[in-house]
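Commentary on secondary and tertiary structure
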Amino acid sequence: MLFRYISKRIVELIPILLVISILVFLFVHFIPGNPARLVAGKQATFKEVQLVAEELGLNEPIWKQYVSYMKGLFQGDFGTSLKTGRPVSEVIASRFMPTFWLTISSMAWSLVVGLLIGVVSATNRNKWQDFSGMFGAVSGISMPSFWLGLLLIQLFSVQLGWLPVGGNDSWQSYILPSITLGTTVAAVIARFTRSSLMDTLKDDFVRTGRAKGLSENKVVWGHALRNAMVPIVTMSGLQFGFLLGGSIVVEVVFSWPGLGSLLIDSISFRDYPVIQAELLLFALEFMLINLVVDLLYGVLNPRINLD
Amino acid sequence: MSETKLTAQSEYNNDVVEKRKTTLWLDFWRKFRKQKTAVVSGLFIVMLLIVAIIGPYLAPYGPAEPDYGSILKGPSAAHLAGTDAYGRDIFSRIIVGSRISLLISISSVFLGAAIGSILGLISGYYGRWLDSLIMRGCDVLFSFPGMLLAIGIIAILGPGLTNVVIAIAIFTVPTFARIVRSGTLSAKGSVFVEAARSIGATNKRMIWKHIFPETVSSIIVYFTMRIGNAILVAASLGFLGLGAKPPTPEWGAMLSMGRDYISTHPHITFFPGLAIFLTVLAFNLLGDGLRDALDPKIKN
Amino acid sequence: MFNRRKVFIFAASLIILLVLFSGCSNSSETKGKDSTQGTATKEGNDLTIAVDANLISMDPHDTNDTLSGSVQRTMFQGLFGFSKGMEVVPVLAKDYKISDNGLVYTFQLKKGITFHDGASFNAKAVKVNIDRLANPDNNLKRHSLFAMVKSTEVVDEYTVKVKLKKPFGAFINNLAHPAGRIISPKALEKYGKEVSRNPVGTGPYKFKEWVPGDHLTVVKYDQYWQDGYPKIDKLTFEPTPENGSRVAKLKTGEADFIFPVPPEQAKQIDGKNGIEVKAEPSIVVRYMAMNSMKEPFNNVKVRKAINYGIDKEAFIKVVKRGFGKPLDSVIAPKTSFYSQQKVYEYNLEKAKQLLKEAGYPDGFKTTLWGGNNSTSMKGMQFIQQQLAKIGVDVEIVPMETGTMSEKIWSTKPKETELEMYYGGWSPSTGDADWGIRPLLGGKEAFPPKSYNTAYYSNDKVTKLINDALLTAKPDEREKLYAEIQKLIWNDAPWAFLTVDYTISGKKNYLEGVYLLPDGSLSTHDAKIVK
């Protein structure tokens, strides 16, 4: 049953991915730019640029380029990076893990903190806990992240000397980027938890629980929160997907070798195959996360029917 | 006979709508007043709007007026927020820039909200293939981070304020489409709307008279909240060199152009950063307050 | 009930705290250089160098960015190279002779040198490399520097002869160019194009690993031919594009050397935390090209007016924070065959007068294109402010590199919308030819073919440029280039701005690492003093 559901959902993804691949391909080639000139370089002659364009197949009509791109894709070949000449799959693979671990470390703390703030705020509505919790959360989404990141570097790396500025080789180097990245997520989750929990705290079953003499903690954490989880899980999934795409700004500030810094690099170089592969990867990740979120709904709330 | 009955009924109906509206307003105001944070934020935003309108008359200096004799000066009586790399008065630039920053954020979210709401109404009301088409389109837009879409769009259209507005508007569309669609679906099922349908209201009338008003509260809430986000996205675009063109005193551009001075002359980034922070904070807190006041599910 | 009006006070104090903390040592830092600072301490014998962009390729023949070239220099060497002052010096070559007709170059090579993979360096290795570069079918990015080679001939184990199709005066400079570096023939055979990720040369360091976007590491090569070198065990290059983060790495000691140092922070970090900042004039020229095919810039009076209307000293003070010199020719003083011209002094009256004579008494509107990084935007804003004073209303159009490649280098000269272009150029061969021909060498150099963004075409100048290439005799070339520079200066196709400085920062225990005037890095003599 579950297996059938999952395979059905995955089969459904294929046409959507196909459509996305066309859109992505058109979108990427629609960006004005001349990759041949960029590959050949500032000091190259015109003839060299022409040769490069020829070699990269950029002189072909666009539909031909798409067909040959798709042909490669079906054989698992994502093409070759125009900028470095390396296979795109290799380029992406080497950049995926740093972003993945940064995502995990950011999500981990921000989920815990976000949920805590949300629950405390919801159960102490209009008290100082609510006020300071929400104030903290909203502050987290009110600062441009590049500024926050640069300030954190100045404070914790330069002035205090506690944490490294860049690199991703030690656990310490994860701290500043995941604070910068997770602040937004924690804030979003805190606000969602608060409002969702406030909704469910009004529901009948909560009143019943209270009437039955269950402790307030048990009512909140055991019953109400479980029922409030559905929107929270959706939101968290969405955030997870976004983070997995790599935060361009944060990765640039912390010179993190992830997908975000790769993307901005590839866009300014018009490295079509890399941009395409990254966009397709985002779309796929996003849809898979949606699927996982839907499955979690079933776990959290058996009343929701998967079909 | 049947005709008179119909008229009577629809008059009755209008009456109900009117009454409902007034009570809703009163109810809202009663609840909103209690949200002190939101009230303060609201007042701050009103003040900001006033500054944005009369800003150029308030500013002690021209926002693009260089003075190479006094570059990078810290805050003083002559320059309340100090001067930047060209000796321009930062305080004046922030005041004049408030118009630009607010204009970018409000117009982009407005554009996105308008398109998104219409799509959401159509999608929720007509259902079937239109619904699937619009929702799948939203899925596609949703599956890319907003920043990324903005970068792509600006790469295509070129930098500049108008294009920043378009870029932010486009990735705002799916959020509103989804919210309005779900509002529409629940409104469609309500007794009140079914009654209107039973007396033969046209689709157009149904949508604008009966369904749209039901979704307005959530539109307002999200509208307020997205404005803060739009300001931040504009700032991040500035960081990547894709924002407002110099010498426009847009706050995000001021922040990102000044970031090389972050350790030597912190005042250059501090004041525009503070302006962004307070404005985004105010919009978000106002949004929170509006949601608490407008959401019928949360009673006091 | 809690008083929530404090919300904004709280908000403000939160940020104030963060900013104050992060900038708290600022007050002491503005006091200036502390001459008594002690030597910073360093453990181990490894170095980390933070750079401002990602590395692209490790194949010297297929590289066109200075940065990748700098990293390659740790592993590769050419027959010739550049000294600290940009003079050509022999490296792997011992001696050379040029035939009287300028067509045949004979090189004597140094003996007893090996590549990192054990192959020995000899005439055959040189032939393989020059043949690879000269063959257009190989699609190498640096083919153009060797396109004039007709054939290469191995005379004996350590003698090689190169024949040219026609005389080319700057050929030794081209060999000294980073592209002229010699790759192990064994590695070329083994890896083919993949040699870009498996670099093998004769240099003091050998390749260890490269994680793109993160770091590239080279380690000491024990059999290096120069006794006593290298003095460092391991060198790591870390791309750190954000200025603030790169400077922070130097302050914290995560990096021992960084370049470039943003001029905004150079003075502040110098002399603290054991940091020394070094600024030297480079061969990079900063200019603003004016499209001389378009009105109003087709009028030389307008172009001169703009030159008179820009205060070069203020430009250096405001935009370069003091790190620059007014540009007084088409090329920088450290480029060969430079000849000084008289700077267009800042004179608003003269500028307005010239505009009036040209028929623009009230000025005009125009657009200025340039890069979208904060450094270029800063320069463009300054020009905008300056020209406003003579009634020229400039709209700045910042473009990312990709857009520029389309707008300038995919557009025919007649259709281009380019009016003014803010740019910089580093002639990587160190020779006047590469500093002038691609930028101002007439119609052949117009975009999209080359880099003549001024669309400047003076037949006399073009002819002189070509004449200067056909001779290898230094005194003849000197005379020709002096004439060329004078003519171009009087035509004013550019607003001549500055000679940029290279600015690098290092910890004071580090010696022997420096930037060359072309902006590339030399680590050959690097050592740590305890």
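Residues numbered from 1 in each chain as written. Chains lettered and ligands numbered in written order. Predicted model: local features only at pLDDT ≥ 70, side-chain atom pairs only at ≥ 80, totals over all residues.

Looking at an unreviewed UniProt entry, one finds chain B named Glutathione transport system permease protein GsiD, with Virgibacillus siamensis as its source organism. In its Subcellular location (unreviewed entry) section, UniProt records this for chain B: "Cell membrane". Within the UniProt record for chain B, the comment given under Function (unreviewed entry) is "Part of the ABC transporter complex GsiABCD involved in glutathione import. Probably responsible for the translocation of the substrate across the membrane." (UniProt positions renumbered as here; feature names shortened; annotations may be inferred.)

The name that an unreviewed UniProt entry assigns to chain A is Glutathione transport system permease protein GsiC, with the source organism given as Virgibacillus siamensis. Per UniProt, chain A carries the Subcellular location (unreviewed entry) text "Cell membrane". Taken from UniProt, the Subunit (unreviewed entry) comment for chain A reads in full: "The complex is composed of two ATP-binding proteins (NikD and NikE), two transmembrane proteins (NikB and NikC) and a solute-binding protein (NikA)."

1. Topic: the overall build of chain A
Check the secondary structure of chain A and you find 13 helices and zero strands. Starting at the N terminus and walking to the C terminus, you meet the elements of chain A as α-α-α-α-α-α-α-α-α-α-α-α-α. Projected onto its principal axes, the C-alpha positions of chain A cover 85 × 55 × 30 Å. (Helix = DSSP H or I, 4+ residues; strand = E, 2+ residues; numbered from the N terminus.)

2. Observations concerning the sheet that holds strand S7 (residues 159-164) of chain C
Residues and elements named next belong to chain C. Reading across from one edge, S4-S5-S7-S6 is the order of the four strands in this open sheet, with antiparallel pairing throughout. The outermost strands of the open sheet, each flanked by one partner alone, are strand S4 (93-98) and strand S6 (149-156). Direction aside, neighbouring strands of the sheet carry axes that sit 20° apart on average. Sitting on the sheet, helix H4 (residues 123-134) is in contact with strand S5 (104-109), S6 and S7, with an inclination near 170° to S6. (Pairing = 2+ DSSP bridges. Axes fitted to C-alpha atoms, helices over the stretch in contact; angles between N-to-C directions. Contact = placed C-beta atoms within 7 Å.)

3. Some remarks on the nonpolar core
If you look at the biggest cluster of nonpolar residues, it comprises 317 residues, and the most contacted ones within it are B:Ala150, B:Ile168 and C:Met288. Excluding anything up to four places from it in sequence, B:Ile168 contacts B:Ser108, B:Gly112, B:Ala150, B:Ala230, B:Val233 and B:Ala234. (Core = buried A, V, L, I, M, F, W, Y, C linked by C-beta atoms within 7 Å. Buried ≥ 20, exposed ≤ 12 C-beta atoms within 10 Å, placed from the backbone.)

4. Considerations on the interface of chain A and chain B
Opposite the 34 residues of chain A that make contact, chain B presents 35 residues. Every element with two or more residues in the side of chain A that touches chain B is listed here: helix H1 (2-30), helix H6 (128-140), helix H7 (145-159), helix H8 (172-201), helix H11 (248-253), helix H12 (259-269) and helix H13 (272-300) of chain A.

5. Quick notes on unusual backbone geometry
Cis rather than trans, the peptide bond between C:Phe259 and C:Pro260 has omega equal to -10°. Inspection of the secondary structure puts C:Pro260 in the loop between strand S11 (257-258) and helix H8 (263-269). Residues C:Glu295 and C:Pro296 are joined by a peptide bond in cis, for which omega reads -5°. One non-glycine residue, A:Arg270, adopts positive backbone phi at about 55°. One non-glycine residue, C:Asn273, lies in positive phi territory at about 55°.

6. Quick notes on the interface of chain C and chain A
Across the boundary between the two partners, chain C contributes 51 residues, which contact 51 residues of chain A. Looking at the side of chain C that touches chain A, the elements with two or more residues in it are helix H1 (7-22), strand S10 (234-239), helix H7 (243-252) and helix H13 (401-407) of chain C. For the side of chain C that touches chain A, the element with the most residues is H1(C), which contributes eight residues.

7. Brief notes about the environment of A:Phe282
Mapping A:Phe282 onto the fold places it in helix H13. Given 23 C-beta atoms within a 10 Å radius, A:Phe282 is considered buried. The spacing of A:Phe282 and A:Trp101 is 181 residues in sequence and 16 Å in space, taken between C-alpha atoms. Here A:Phe282 is in contact with A:Gly245, B:Ser143 and B:Phe144, once residues within four sequence places are set aside.

8. Some details on the pairing of S6(C)
Pairing of S6(C) with S7(C) involves six bridges; the strand directions are antiparallel. Opposite C:Ser151, over in S7(C), you have C:Lys163 as the bridge partner.

9. Remarks on the UniProt feature "transmembrane region" (unreviewed entry) in chain A
All names here are of chain A. Residues annotated in UniProt with the feature "transmembrane region" (unreviewed entry) correspond here to residues 12-31, 100-122, 134-162, 174-192, 240-259 and 279-300. Measuring from the first to the last C-alpha atom of residues 100-122 gives 32 Å, for a span that is 100% helix and 0% strand. In residues 279-300, helix accounts for 100% and strand for 0%; the two terminal C-alpha atoms are 31 Å from one another.

10. What about the domain arrangement of chain A?
Residues and elements named next belong to chain A. In terms of domains, chain A is made up of domain 1 (21-74) and domain 2 (100-300). Placing the centre of domain 1 and that of domain 2 at their C-alpha centroids yields a distance of 38 Å. If you list the elements that add at least two residues to the side of domain 1 that touches domain 2, you get H1 and helix H2 (35-40). With five residues, H1 is the single largest residue contributor to the side of domain 1 that touches domain 2. (Domains from an automatic or database assignment.)

11. Observations concerning the UniProt feature "domain: ABC transmembrane type-1" (unreviewed entry) in chain A
Per the UniProt record, "domain: ABC transmembrane type-1" (unreviewed entry) is annotated on residues 96-293 of chain A. For residues 96-293 of chain A, the end-to-end C-alpha separation is 22 Å, with 82% helix and 0% strand making up the annotated structure.

12. What to know about the packing of helix H2 (residues 36-58) of chain B against helix H3 (residues 90-126) of chain B
Residues and elements named next belong to chain B. Running from amino to carboxyl end, H2 crosses H3 at an angle of 135°, the nearest separation of the two axes being 7 Å. By the angle between their axes, H2 is oblique relative to H3. Both H2 and H3 take part in a crossing whose hand is left-handed. Residues Leu48, Leu49, Val51, Ala52, Gly55, Pro56 and Leu58 of H2 pack against Ile95, Val96, Ser98, Arg99 and Leu102 of H3. A class-by-class count of the residues in the contact of H2 with H3 yields nine nonpolar, two polar and one charged. (Parallel < 35°, antiparallel > 145°, perpendicular 65-115°, else oblique. Left-handed = near helix turned anticlockwise from the far one by under 90°. Nonpolar A, V, L, I, M, F, W, Y, C, P; charged D, E, K, R; others polar.)

13. Let's talk about the UniProt feature "transmembrane region" (unreviewed entry) in chain B
All names here are of chain B. Mapped onto this numbering, the UniProt entry gives "transmembrane region" (unreviewed entry) at residues 38-59, 100-126, 138-158, 164-180, 219-244 and 264-287. In residues 38-59, helix accounts for 95% and strand for 0%; the two terminal C-alpha atoms are 28 Å from one another. The straight-line gap between the two end C-alpha atoms of residues 264-287 is 37 Å; of that span, 88% is helix and 0% is strand.

14. Remarks on helix H11 (residues 348-357) of chain C
Residues and elements named next belong to chain C. Those residues of H11 not exposed but buried are Ala351, Leu354 and Leu355. Looking straight down H11, one finds that the buried residues subtend no more than 100° of arc, so they occupy a single side. Contacts made by the buried residues of H11 are with helix H9 (300-308). A positive phi of about 95° marks glycine 359, the residue just after H11. (Arc of directions from axis to C-beta.)

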